[in-house]
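Inside the fold
So the chains spell out like this:
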Amino acid sequence: MQTAVESKLTVSINGKEFDARKGETILQLAKRNDINIPTLCNHADLCESGNCRMCVVEVEGQRVLQASCTTPVAERMVIRTNTRKVRKTRQMIIELLLAEHVGDCQTCKRNTNCELQDLAAEYGIEEVRFGKSQEKRYEVDTRTPIVRDNDKCILCRRCTQVCEEIQGVEAIKPMGRGKDTDIGCLFGLPLDETTCVFCGQCINRCPTGALTERDATKEVWKAIDDPTKHVVVQTAPAIRAALAEEFDIPPGERVTGKMASALKMIGFDTVFDTDFTADLTIIEEGTELLTRLKKALVEKSQVALPMFTSCSPGWINYIEHYYPDLLPNLSTCKSPQQMFGALIKTYYAQKKGVDPKNIVSVSVMPCTAKKFEADRPEMYDSGYKDVDHVLTTRELARMIKQAGIDLMDLQDSEFDDPMGISTGAAVIFGATGGVMEAAIRTAYELVTGREVPFANLDIRPVRGMEGIREASLTITDPLPEWSFLNGAEVKVAIAHSLTKARMLMDKVRAGEATYHFIEVMACPGGCLGGGGQPIPTSPEIREKRAQAIYTEDGAMKLRKSHENPAVKVLYEEFLKEPNGHKSHELLHTKYTPKDTW
Amino acid sequence: MQRSCLLSPGCKCNEAFEKAFSYTPEEIINIIKDSGLRGRGGAGFPTGMKWEFAAKAAGEKKYVVCNADEGEPGTFKDRVLLTDSLDKLVQGMAIAGYAIGANYGILYLRSEYKWMLNDLNAKFNEFKNQNYLGNNIMGKGFDFDIEIKLNAGAYVCGEETALIESMEGKRGEPRNKPPFPVQSGYMGYPTVINNVETLCNIPYILEHGVAEFKKYGTERSCGTKLFSISGDCAKPGVYEMDLGITIREMLEMVGASNTKAVQIGGASGSTAGEKDFDKTICFEGFPPGGSIIIFNKSRNMARVLKNFIHFFEEESCGQCTPCREGTRRLKEAVDRIERGEKLSDEDMNTMLELAEVMKNSSKCGLGQTAANPFVDILGKFREDF
Ligand SMILES: Cc1cc2nc3c(=O)[nH]c(=O)nc-3n(C[C@H](O)[C@H](O)[C@H](O)COP(=O)(O)O)c2cc1C
Ligand code: SF4
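An account of the accompanying structure is given in this report. (Residues numbered from 1 in each chain as written. Chains lettered and ligands numbered in written order. Predicted model: local features only at pLDDT ≥ 70, side-chain atom pairs only at ≥ 80, totals over all residues. Heavy atoms only, no water.)

1. Overview of the overall build of chain B
In terms of helices and strands, chain B carries 15 helices and 11 strands. Computed over C-alpha atoms, the radius of gyration of chain B comes to 21 Å, within 12% of the 21 Å expected from 2.2 N^0.38 for 385 residues, which places it in the range of a compact globule. With the principal axes as the frame, chain B shows a C-alpha extent of 70 × 45 × 35 Å. Looking at chain B residue by residue over its 385 residues, the buried ones come to 60%. Pairs at least 24 apart in sequence give 70% of the contacts found in chain B among residues at least 6 apart. On chain B, the mean spot of the 47 positive side-chain charges and the mean spot of the 53 negative ones are 1 Å from each other. (Helix = DSSP H or I, 4+ residues; strand = E, 2+ residues; numbered from the N terminus. Rg over C-alpha atoms; globule rule 2.2 N^0.38 Å. Buried < 20%, exposed > 50% of the residue type's maximum accessible area, 1.4 Å probe, protein only. Contact = heavy atoms within 4.5 Å. Lys, Arg positive; Asp, Glu negative; His and termini not counted. Charge placed at Lys NZ, Arg CZ, Asp CG, Glu CD.)

Have a look at this one:
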C-alpha cells in the first residue's frame, strides 16, 4: 500500500503547480484542474490508444512532444499545454484529418455535434493547406441498422475499441496498413454477415458522422403525412431520461410529459408507452420463471435454468452467435417493443376499430438493435409487420426539431389510454438491473403475498453500474400454492455490456453458476446507454440518466407491474392468462443458433 | 580502422560463459555499463542501463528478445552475424538472461530470413547438446532456452513495441511508451530487446574485458560497429569499423570516388553531403545505423528522396495521424517535384512545418524520422530539385 504522502506529486502545468496523483496521466491531471487539452481518440469508456496525437503537450526535458493521454505524470514534471509549438502541431493534425475527411458538414447527421468540426472551429482552421479531398472512395451500405461511411472516418479507432473492449465482438477492425488503413469487417464482409450485434455502441463513440443509425425519419414522416394511415407510436423507458440532452440540457433531466406532448404535436395519432408492455413482460416472464422453477423443484424435470432475460435485442443477437447452446435458457418472451407491436395490430386495432393494415406502428427506442429486431422474420405475429419503423432517441429529436417544436418549452401531457398506462417497475427497465428489480417486486409478492422486504420497494442490491452484480433473496412463508419455494434462496445475477455477459455465460456453460435468473443488457448501463441514445456518452452521463430513471420510478403512483390496471384489463379482455395460448401466439418467440466466424 | 572483434571466427563459448558465470548478475550489468556499449539497433540506448531496468523490474518471468528484424533498406549486417557468429549471439542472449533473471529467449527473425530457419534450429539443438543452452547451462545452475518467431513482414515490426505486439499475434503496431518493454513487454513481462549486433558484443566484452573493448571507438561511442555498405563504391559489403571513423575514411576504405552524398542509417537516417565528409560516424556525430548507401555525382537526389518517402508511406503502420497522413502528404509533394513541378514557397513551408509536426508528435520512431530525408536532402541538394 502506498501512503498518501508517497503517491502525491507536484507537477507544474503552464507555470502553475498542482498536486498530482501517482499513476495518473497528464491529461487526467489537466482535466481535474479544468485545463483544457483537446482530444479525439480518447474516450472515458475506453483504454488510451494515443492514436490521434491531438493532446500533445510540451514536457520539459523531452525531445519531442508527449501525448498527454498516455504519459504519466512524474515528480516535478514541467508541462506546457499552449505553446506555439503545441498549437501549431494541433492545427496541423486537424488539417491532416480534414484533408482526408470527405463529406459536407451541412448534410451530415452529426452537424453541430461533431468533435472534428468543433476542433476545427476551436483552432481556427480557415483552410486546409493540403487541399481537401472531395472524391468519395467508399460505398455506404444503408441496409443495416448501423451505417458506416468510411469517407468521414478519421481512424481514431474508438469504434473498434468499444466493439472489442466493451462488447467483445470485434465485428469491425482496422484493416490494411498505413495510408490504406480503414475500419472494416473481416474479408470486407457487410456488417450483417459478421457477428455484429447491432448494439450501436460504435455509433455512440464515433467523433464524426462516420457511424450513424439507419434513418427512419423519412418513412415515419411519410406515414404521418398520409391521411389514410393510423400512426401509433410507443416510446421506450430510457428515452425520457435522455431526450433532453439533444436539446442542450445537461444529462439527468426527465422529459416524459414534454415528450408525449411533442409526439402528439408531430402528428402521431396515438401516443403509447412501451412501459405498458414492460409491465406485461414482467407478468409473462415472471410466470415463465416460476413455471420453470416449479418444474425443476417439484416435478424434478429437465428444464433450462438459470433463465435469462430477453428484452435486449443486442443480447439476443449475441447469444445466438456466441452461446447458441444456451438458447434454451433464454426467456421466450419477446422484448417489450415487439410485444407492443403484436398487440397494436391485434388488440388495439380491434378495440379501436381500425383495420390493422392501415396501422403504421412506430417505436422510439434508445437502441439500434431494435431496428434489426423489428425486421426479424419472426416478428410478424399480428399478421403484419408488428413494428413498422424504429426511431432512435436521436432520430426522434431530429423530428421534433424539424417540426419546429421547442421541446423544453412544452407543457406536459399524458400518454394515451389504455396502452399508455404503466408503473414504476416498467420505467426502470431502462437501467441495468431494472428488469430484475421489476421482476422481483412482482414475483416475490406473487409467491408470498407480501411486498419485497426492501425500504420503499427499492431493491438496492441489484442497482448500480458494477459490470456484474449478484444478489439473493430467501423465500419464507410463501402462499400455499408456492410452498415448494419455502426456504429457497433465489439467486440472481445481472450483467451489462457483452464482455460482462460473456463472463457470466462462461460460468453458466461450465456449470459453475448457481443462479436462477440472469438479466443481461447488451449496452453499458442498460438501455439508457443504448446505441440510439444522445451522443456523447460516458460513465457520468449514464449515471445521471440512471438517477433520472429511478427518480421517475419513485414518483410513480404504481410501482409494481402486476398492479397495472390496463394490463389486467388486457388479460381479461384479450389474453386471458399469462403464458396462455394467446400470449404464446403473440408475445413469445423462438431463437435461431447462428455462426460465429 | 577495419576490425574483427565481431566478425572474427567464433570465440569460445566455454571461456565467455565461464567468465560470465563467475560474476553475479549485478556484476555483469556493471561491466556492460562500464563498457559504454550502446544499442546497435538504431537508437543507441545504453545496454547496461536497459538490462539494469529489466533486472530491477518485478515479474515472475522475464524475456530476452533478440531483434533480428533487420528491415532498414540497405542493411544486411545482422544476417552475416546470424550465419557466421551465431555462437556469439547465443552467448549474448544467455548472458543477458542470466543478468536480468530471464530463462526465456526469443529470436525475432525477419520473414525474408526464413531460409535460415532450419539451419538455426539445427544449430540451437547443437548448442543444447553441448549444454550451452537448455537446463543447467554448463552445470552453472542457470536455465536458458531460445525460441524463434518469424516476423509477419512489415518494417515497423522492427520497432520494439510493434515487435512485441506482433509476437503476441496482434497487428504489428507500436505501443505507447511508457510502459517500456523493460517494465512490461512480451505478455506483460519485463523484456529486454536488443539488436543482434548489440548482443554479439557481449561475449567479446566479457572475454576480453572492458578496456580492450574501449580501445576502439570514441568516448561516447565505444567499440566497433558493423555497416552494410552499398551503392556507388568498388567494394560494397559488410564492414566492421571503429565508431568515430570519418565519412571520408570510410569512403576510401570501400573504394568510393566522385561521391555526392552518403546516406547513413537507412531511410530514416541522415544524409551527408560533401562538406560533411570530415565528420564522424558515431552517436555524437552522424548517428550510426546499420546501413550506409553511397551516391556518386551522377545520381539525382530528387529520385533518392522519392524512394525514401515512398518507402515510409508504404511502411507507416497507419495508427497515428501525423505519420499516416503526413507520409501521404510528403509523398504527394515529392511526386510533384519529381514530375518537374516547382513547389511554391508557401507549399514548401507547409511541408517543412509538416516535417516538424511529424517529428514532434508521431507515436513511434518511424513517423518521428520519416521526414528526415525530406528536410535533409532538400536542404543539402537544392540544385537537384
Ligand atoms: C520503424 C523502426 C524499425 C526498427 N527496426 C529495427 C530492426 O530492424 N532491428 C533492430 O534491431 N532495431 C530496430 N529498431 C529499433 C528497435 O525499436 C529497438 O530500439 C532496438 O531493437 C533495441 O535494441 P538495441 O538497444 O540493442 O539497439 C527499429 C525502430 C523503429 C522505430
Ligand atoms: S509513427 Fe507511423 S509507424 Fe509509428 S505508430 Fe504512428 S503511424 Fe505507426
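2. Comments concerning the interface of chain B and chain A
Contacts between the two partners involve 31 residues from chain B, matched on the other side by 33 residues from chain A. For the pair chain B and chain A, the summed buried area comes to about 2900 Å², and 49% of that belongs to carbon and sulfur atoms. The largest share of the area that chain B buries against chain A comes from Arg 171, Arg 329 and Asn 360 of chain B, three residues that together contribute 20% of it. Taken together, the links from chain B to chain A amount to 7 salt bridges. Among the salt bridges present, the one from Glu 314 of chain B reaches Lys 179 of chain A, with a minimum N-O distance of 3.8 Å. Remark: the boundary between chain B and chain A carries 16 residue pairs in polar contact (both at pLDDT 80 or more). At the level of elements, helix 11 (301–315), helix 12 (321–338) and helix 13 (345–361) of chain B are the ones that each hand at least two residues to the side of chain B that touches chain A. In terms of residues, the side of chain B that touches chain A owes the most to one element, helix 13 of chain B, which gives 8 residues. Its residues placed into classes, the side of chain B that touches chain A shows 8 nonpolar, 11 polar and 12 charged. (Buried area = accessible area lost by both parts, 1.4 Å probe. Salt bridge = Lys/Arg side-chain N within 4 Å of Asp/Glu carboxyl O. Polar contact = N/O pair within 3.5 Å; in protein donor to acceptor, adjacent residues only side chain to side chain. Nonpolar A, V, L, I, M, F, W, Y, C, P; charged D, E, K, R; others polar.)

3. As for the nonpolar core
Of all hydrophobic cores here, the largest spans 86 residues; its most connected members are Leu 243, Phe 268 and Trp 315 of chain A. Residue assignment places this core across two domains, with domain 2 (92–213) and domain 3 (217–276 + 337–409) of chain A each supplying three or more. Setting aside anything within four residues of it in sequence, one finds Trp 315 of chain A in contact with Phe 308, Thr 309, Leu 330, Leu 498, Ala 501, Met 505, Val 520 and Ala 522 of chain A. Within the second largest apolar cluster, 67 residues are counted, among which are Phe 308, Phe 311, Cys 317 and Ala 333 of chain B. (Core = buried A, V, L, I, M, F, W, Y, C linked by side-chain atoms within 4.5 Å. Domains from an automatic or database assignment.)

4. What to know about the site of ligand 2
Surveying the vicinity of ligand 2 reveals 13 residues, the closest of which are Cys 317, Cys 320, Cys 323, Cys 364 and Gly 367 of chain B. The class makeup of the residues in the shell around ligand 2 is 7 nonpolar, 5 polar and 1 charged. (Near = heavy atom within 4 Å.)

5. Some remarks on the site of ligand 1
Residue and element names in this part refer to chain B. Near ligand 1 lie 18 residues; those nearest to it are Gly 41, Lys 50, Asn 67, Asn 195 and Thr 198. Within the backbone of Glu 70, a nitrogen or oxygen atom sits 3.1 Å from an oxygen atom of ligand 1. A distance of 2.9 Å separates an oxygen atom of ligand 1 from a polar atom in the side chain of Asn 194. Considering ligand 1 on its own, with 610 Å² of exposed area, one finds that the protein chains cover 89% of that surface. Sorting the residues of the shell around ligand 1 by element identifies strand 4 (191–195) and helix 14 (365–369) as the ones contributing at least two each. When residues of the shell around ligand 1 are assigned to their parent elements, the largest contribution, 3 residues, is made by strand 4. Split into classes, the residues belonging to the shell around ligand 1 amount to 3 nonpolar, 9 polar and 6 charged. (Areas by Shrake-Rupley, 256 points an atom, 1.4 Å probe, with all protein chains shown as cover.)

6. Things to note about the pattern of salt bridges
Here the structure, examined in full by the defined rule, presents 96 salt bridges over all chains. A salt bridge links Lys 33 of chain B to Glu 52 of chain B; the shortest N-O distance between them is 2.7 Å. Here Lys 33 of chain B, found in helix 2 (residues 25–35), pairs with Glu 52 of chain B, found in helix 3 (residues 47–56); they are 19 residues apart in sequence, far enough to count as distant. Lys 215 of chain B is the salt-bridge partner of Glu 212 of chain B, the closest N and O atoms lying 3.2 Å from each other. Judged by its relative accessible area of 55%, Lys 215 of chain B is exposed. Taken together, the shared-partner salt bridges connect Glu 100, Lys 136, Arg 137, Asp 149 and Asp 151 of chain A together with Arg 324, Glu 325, Arg 328, Arg 329 and Glu 332 of chain B into one network.

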